[in-house]
Amino acid sequence: MQAGDRRAANEFLREWYPRIERWVARATSPDNVEDYTQEVILHLADNGWRRLFQWRGLFAADTDNPHSLAGFLRT
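Residues numbered from 1 in each chain as written. Predicted model: local features only at pLDDT ≥ 70, side-chain atom pairs only at ≥ 80, totals over all residues. Heavy atoms only, no water.

Draft legend 1. Spotlight on the nonpolar core. Counting residues in each nonpolar core, the largest one holds 16 residues, and the members touching the most others are Trp16, Ile20, Leu52 and Leu73. For this core, the secondary structure elements donating two or more residues are α1 (6-27), α2 (33-54) and α3 (69-74). Those residues within four positions of Ile20 in sequence are excluded, and the remaining contacts are Thr37, Val40, Ile41, Leu44 and Leu73. (Core = buried A, V, L, I, M, F, W, Y, C linked by side-chain atoms within 4.5 Å. Buried < 20%, exposed > 50% of the residue type's maximum accessible area, 1.4 Å probe, protein only. Helix = DSSP H or I, 4+ residues; strand = E, 2+ residues; numbered from the N terminus. Contact = heavy atoms within 4.5 Å.)

Next up, the structure:
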C-alpha cells in the first residue's frame, strides 16, 4: 500500500472494512453506519494511508489490546 499498490489497498479493505463497519454500528444509529464507516476509511486513506502507516503497535486479533491493529482501527 505504501508503494501505491491498489491490490494491497483492496485486500486491506476486504479484510478490515466489515470489521470497522461492525464497530461503527455499535456506536451509532443504523442511519449513520455507512457514512461514518466511509469517514473512517477516508481518514485512514488520506495522504497515501499515512495515518494507517503511523500505527506501530502489535498485530494481534485481540481487539481489547490498544496496541493491536484492531484496537488502533477501533479508535
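Draft legend 2. Representation of the pattern of salt bridges. For the coordinates displayed, the defined rule picks out 3 salt bridges. One salt bridge connects Asp5 with Arg7, and the closest N-O pair in it is separated by 3.5 Å. In this structure, the salt-bridge partner of Arg51 is Asp46, at a minimum N-O distance of 3.1 Å. (Salt bridge = Lys/Arg side-chain N within 4 Å of Asp/Glu carboxyl O.)

Draft legend 3. Geometry of the packing of α1 against α2. The interhelical angle for the contact between α1 and α2, taken along N-to-C directions, is 140°, at an axis separation of 9 Å. In terms of axis orientation, α1 runs oblique to α2. You can see that α1 and α2 cross each other, and the crossing is right-handed. Between α1, through Ala9, Phe12, Leu13, Tyr17, Ile20, Glu21, Val24 and Ala25, and α2, the contact on the second element is made entirely by Val33, Glu34, Tyr36, Thr37, Gln38, Val40, Ile41, Leu44, Trp49 and Leu52. For the contact of α1 with α2, the class distribution of residues is 14 nonpolar, 2 polar and 2 charged. (Axes fitted to C-alpha atoms, helices over the stretch in contact; angles between N-to-C directions. Parallel < 35°, antiparallel > 145°, perpendicular 65-115°, else oblique. Left-handed = near helix turned anticlockwise from the far one by under 90°. Nonpolar A, V, L, I, M, F, W, Y, C, P; charged D, E, K, R; others polar.)

Such coordinate-based values are descriptive only and should not be taken to indicate function.
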